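Residue strings, one per chain:
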Amino acid sequence: MNIMDFNVKKLAADAGTFLSRAVQFTEEKLGQAEKTELDAHLENLLSKAECTKIWTEKIMKQTEVLLQPNPNARIEEFVYEKLDRKAPSRINNPELLGQYMIDAGTEFGPGTAYGNALIKCGETQKRIGTADRELIQTSALNFLTPLRNFIEGDYKTIAKERKLLQNKRLDLDAAKTRLKKAKAAETRASQLNSARLEGDNIMSEQELRITQSEFDRQAEITRLLLEGISSTHAHHLRCLNDFVEAQMTYYAQCYQYMLDLQKQLGSFPSIYHCNNNQTSVAPIPSASSNVIGSSALTSTSGLVITSPSNLTDPKECSGSRKARVLYDYDAANSTELSLLADEVITVFSVIGMDSDWLMGERGNQKGRVPITYLELLN
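Small disclaimer: the values here were computed from a predicted structure and weren't measured. (Residues numbered from 1 in each chain as written. Predicted model: local features only at pLDDT ≥ 70, side-chain atom pairs only at ≥ 80, totals over all residues. Heavy atoms only, no water.)

A. Spatial organisation of the overall build of the protein. For the protein, the count of helices and strands is eight helices and seven strands. Within the protein, buried positions represent 32% of all 378 residues. For the protein, the share of sequence-separated contacts (at least 6 apart) that also reach a separation of at least 24 residues comes to 66%. When the accessible surface of the protein is summed, it comes to about 24,000 Å², and 57% of that surface belongs to carbon and sulfur atoms. (Helix = DSSP H or I, 4+ residues; strand = E, 2+ residues; numbered from the N terminus. Buried < 20%, exposed > 50% of the residue type's maximum accessible area, 1.4 Å probe, protein only. Contact = heavy atoms within 4.5 Å. Areas by Shrake-Rupley, 256 points an atom, 1.4 Å probe, with all protein chains shown as cover.)

B. Seen up close, helix 4 (residues 93-108). The end-to-end C-alpha distance of helix 4 is 22 Å, a good match for the 22 Å that 16 residues give at a rise of 1.5 Å each. Of all the residues in helix 4, the buried ones are Pro-94, Glu-95, Gly-98, Ile-102 and Gly-105. Summarising the axial view, the buried residues of helix 4 lie within an arc of 95°, below the 170-degree limit, and thus occupy one face. Residues Asn-93, Tyr-100 and Glu-107 are exposed on helix 4 and point more than 90 degrees away from its buried face. The opening residue of helix 4, the one whose side-chain oxygen lies 3.0 Å from the backbone nitrogen of Glu-95, is Asn-92. Looking at the residues trailing helix 4, positive phi occurs at Gly-109, about 115°. (Expected span 1.5 Å × (residues − 1). Arc of directions from axis to C-beta. Polar contact = N/O pair within 3.5 Å; in protein donor to acceptor, adjacent residues only side chain to side chain.)

C. Examining unusual backbone geometry more closely. Phi is positive for Asp-342, close to 80°, though the residue is something other than glycine. Mapped onto the fold, Asp-342 is located in the loop between strand 3 (321-325) and strand 4 (344-348).

D. Region of interest: the sheet that holds strand 4. Sheet architecture is open: five strands sit in the order 6-5-4-3-7, paired in antiparallel fashion. At either margin of the open sheet sits one strand with a lone partner, and together these are strand 6 (365-370) and strand 7 (374-376). Strand after strand, the sheet turns through a mean of 40° between neighbouring axes, direction not considered. As paired strands, strand 5 (residues 357-362) and strand 6 are joined by six bridges and run antiparallel to one another. Bridge pairing in strand 6 places Glu-361 opposite Lys-366. (Pairing = 2+ DSSP bridges. Axes fitted to C-alpha atoms, helices over the stretch in contact; angles between N-to-C directions.)

E. Representation of a nonpolar patch on the surface in the model. On the surface, Ile-54, Trp-55 and Ile-59 cluster together into a nonpolar patch covering about 290 Å² of accessible area. For Ile-59, a relative accessible area of 44% translates into the label partly exposed. (Patch = residues over 30% accessible without salt bridge, like charges linked within 9 Å, V, L, I, M, F, W, Y side chains within 5 Å. Salt bridge = Lys/Arg side-chain N within 4 Å of Asp/Glu carboxyl O.)

F. Up close: the pairing of strand 3. Across four bridges, strand 3 lies against strand 4 in antiparallel orientation. What sits directly across from Arg-324, in strand 4, is Val-344. In the sheet, strand 3 pairs with strand 7 via three bridges, with the strands oriented antiparallel. Counterpart to Ala-323 in the pairing with strand 7 is Leu-376.

G. Here's a closer look at the pairing of strand 4. Pairing analysis gives three bridges linking strand 4 to strand 5, with the strands arranged antiparallel. Across the sheet, the residue bridging to Phe-348 is Met-359, located in strand 5.

H. Layout of the pattern of salt bridges. All told, the structure shown has 13 salt bridges when counted by the stated rule. Between Lys-53 and Glu-57 there is a salt bridge; the shortest N-O distance is 3.6 Å. With Lys-53 and Glu-57 both in helix 2 (residues 40-67) and four residues apart, the pair spans about one turn of that helix. A relative accessible area of 23% means that Glu-57 is categorised as partly exposed. Arg-223 is the salt-bridge partner of Glu-220, the closest N and O atoms lying 2.2 Å from each other. Here Arg-223 and Glu-220 lie together in helix 6 (residues 194-226), a separation of three residues that amounts to about one turn. Overlapping salt bridges, with partners in common, bring together Glu-220, Arg-223 and Glu-227 in one network.

I. Representation of the confidence of the model for the protein in the model. Within the protein, residue pLDDT values average 80, and 76% of them lie at 70 or more. Taken together, the stretch residues 270-318 has pLDDT below 50 and engages in 52 contacts with residues farther than four places along the chain or on a different chain. (pLDDT = per-residue confidence, 0-100.)

Below, the structure is given as C-alpha cells:
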C-alpha cells in the first residue's frame, strides 16, 4: 500500500513537472516568458554537433548507395544486420556477366577466336567482381562502421544529454518565473498576508538555487560531450583515408586486369575461324580507332605504340630489321615467340603471312610475333 502511495505521488510530481515545462515552453514561444540563453561557446558546440550529424548521415547513406546500388539488396543487408545474422552471399553484377561470357565462350568453342575471347573477358570480369566484393567489405569495415557508430552511439548520447539540458533550462526558467510572481505578489499583499507570502518567496528562492545548480551541472556535462566532436572529426579523417586507399587499390586492380585483357585480345590473329569452319577475314580497324587506342594506352600506361601506318608492311619489307618490344607477350603455341618488354629482336616478313604478324628472331629462337607489340627501329 505504501509503495502504491509512493508511485502515485511520484506520478503526480512527474506530471506536475511536465506541465510546468510545457507551460514555460509555450509562454516562451508566445513571448510571454523570459528564456535563459546558453553561452556562445556551448551554442557553437551544439551547432557543430548537429552539422556533423547531418553530413555524416548523408555521406554514410550515399556511400552505401555507391557500394551497393541495388536498394533491395541494401534493405536485405539492413534486416540481416538488425537480426544479428550474416547476409547470404550473392553473386555481383561483374561476376554474373563474367559467368555468362565464360558459358557462352564454352558453348561457341574455346578453340574459336570469339569463344576464346569471351572466356578471357569473362575471367577478367569475375576478377573485377572479386575486387568489387573486397572493396565493399573493406569500406564497410573501415569507413561505414565508424560513421554508423557515431550516429547510433555517440550522437544519441549527445542528443539525450542535450534534451536533458533543455528540460533543466525549462525548470530553471519556470522557477525564475515563480519567484518573480511571488515577489510581485508580496509587494501588493496586505500586512495581514505578508507572513504567508514571505514563506512562499523563500521557497521559490530555494527552488531557484536548486534548479540553477542542476542546470549548471547539466550544461557542463553536455559541454564535455560536445567537445569530443573534434576527436570524432579526427577519427573520421583516418577512416576517410582508409576508404580512399581501398578505392585506389580497387581501381588499380581493375586497370591492371583490363590492361592484361587488352594485351591478350591484341594477340589474336586477324583471320578468325567461325564455328562452321568457314574462314572469314576480320575487318581492319579504322585510322581513328588506331589513334584512339594508341592515345589511351599512352595516357594510362606510359607505353608508346607506333600506329600501323608508321610500320612498314611486312610483305613489302625486304630483309630483316631491328624492333623494340613494347611489352611482354606470352607465346600461345610453339609457332610463336615469347617476348619481354624493352628487348630488341630481329624481325622480317614472310610471304603469305598475315599482315598483323612478323617473324621474330632472338639468337637461335624464331617464331611469329604480333606487330602491335613492336616498335620498328630505323
